[in-house]
Amino acid sequence: KLLHRQIGETLEQMYADLLDELAAVLAHHFQAAGAAERARAYFEQAGRHALDSYANAEALIHFSQALLVAATLPPAGQEAIYHGRARAYEALGKPGDAADAYAKYLEEEPEASDRKAIEGRIATLRGQANELAAARRDPAQPRESDDGIGVVPWIVAGVGVAAIGTGVVLAL
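Residues numbered from 1 in each chain as written. Predicted model: local features only at pLDDT ≥ 70, side-chain atom pairs only at ≥ 80, totals over all residues. Heavy atoms only, no water.

One way to put it is that helix α4 (residues 56–70) packs onto helix α5 (residues 79–91) with a least axis distance of 9 Å and a crossing angle of 155°. Our classification of the angle between α4 and α5 gives roughly antiparallel. Taken as a pair, α4 and α5 cross one another with a handedness that is left-handed. On α5, the residues touching N56, A59, L60, F63, S64, A66 and L67 of α4 are I81, Y82, G84, R85, A88, Y89 and A91. (Axes fitted to C-alpha atoms, helices over the stretch in contact; angles between N-to-C directions. Helix = DSSP H or I, 4+ residues; strand = E, 2+ residues; numbered from the N terminus. Parallel < 35°, antiparallel > 145°, perpendicular 65-115°, else oblique. Left-handed = near helix turned anticlockwise from the far one by under 90°. Contact = heavy atoms within 4.5 Å.)

In this section: the packing of aromatic side chains. Applying the stated criterion across every chain, the model contains 1 aromatic pair. With a centroid separation of 5.8 Å and an interplanar angle of 10°, the aromatic rings of F30 and Y42 are classed as stacked. On the criterion of sequence distance, the pair formed by F30 in helix α2 (residues 19–32) and Y42 in helix α3 (residues 36–52) is long-range, its members being 12 residues apart. Each member of the pair, F30 as well as Y42, carries the same accessibility label: buried. (Phe/Tyr/Trp six-rings, centres within 6.5 Å; stacked < 30°, edge-to-face > 60°. Buried < 20%, exposed > 50% of the residue type's maximum accessible area, 1.4 Å probe, protein only.)

Take E44: it is sitting in helix α3. Once you skip the residues sitting within four places of it in the chain, E44 turns out to touch F63, A66, G77, A80 and I81.

All told, the structure shown has 10 salt bridges when counted by the stated rule. The salt bridge partner of R38 is E9, with a shortest N-O separation of 3.3 Å. Placement of the pair is R38 in helix α3 and E9 in helix α1 (residues 2–14), with a sequence separation of 29 residues. Residue R38 is classed as partly exposed on the basis of its relative accessible area, which comes to 29%. Residue class for E9 comes out partly exposed when judged on its relative accessible area of 29%. The closest approach of N and O atoms between E107 and K104, which form a salt bridge, is 3.0 Å. Separated by 3 residues within a single helix, E107 and K104 lie in helix α6 (residues 95–108), roughly one turn from each other. Classification of K104 by relative accessible area gives partly exposed; the value is 25%. (Salt bridge = Lys/Arg side-chain N within 4 Å of Asp/Glu carboxyl O.)

Okay, here's the thing in structure tokens:
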């Protein structure tokens, strides 16, 4: 544990201007050292940095690690982690998970200044999740966003064009 703490502290001192880039490494060292608060803070920082770099899957991993470490600490300061997880889920195209994470964010931060906007976002994401679930159950069924004809005519037209193209090539 002592070695991990020393490595983390040395990296902090030597590369103070690169803490965003090293946040994940620092988080792992401080977690191994048993410094939970520092590990949580660096996992959160690593998650934000990954989001800013469009590394959304990586961001989700870092925010999830931050929550695991935070579970060992007194409950406080987790709202930013839930907000980051929600953004990562949303960027990964997982609207149901994003809505759940935003709801947890509001639960952790009842006086959030962006509460109305987040509540609206949750409603939109839940609608998207329902549409995705309906599309998975019956992909040929038109959805409200479709023009009503569904996908079948497009498939038939595509097959027809392919058949005509094959016939032309074979005729040559």
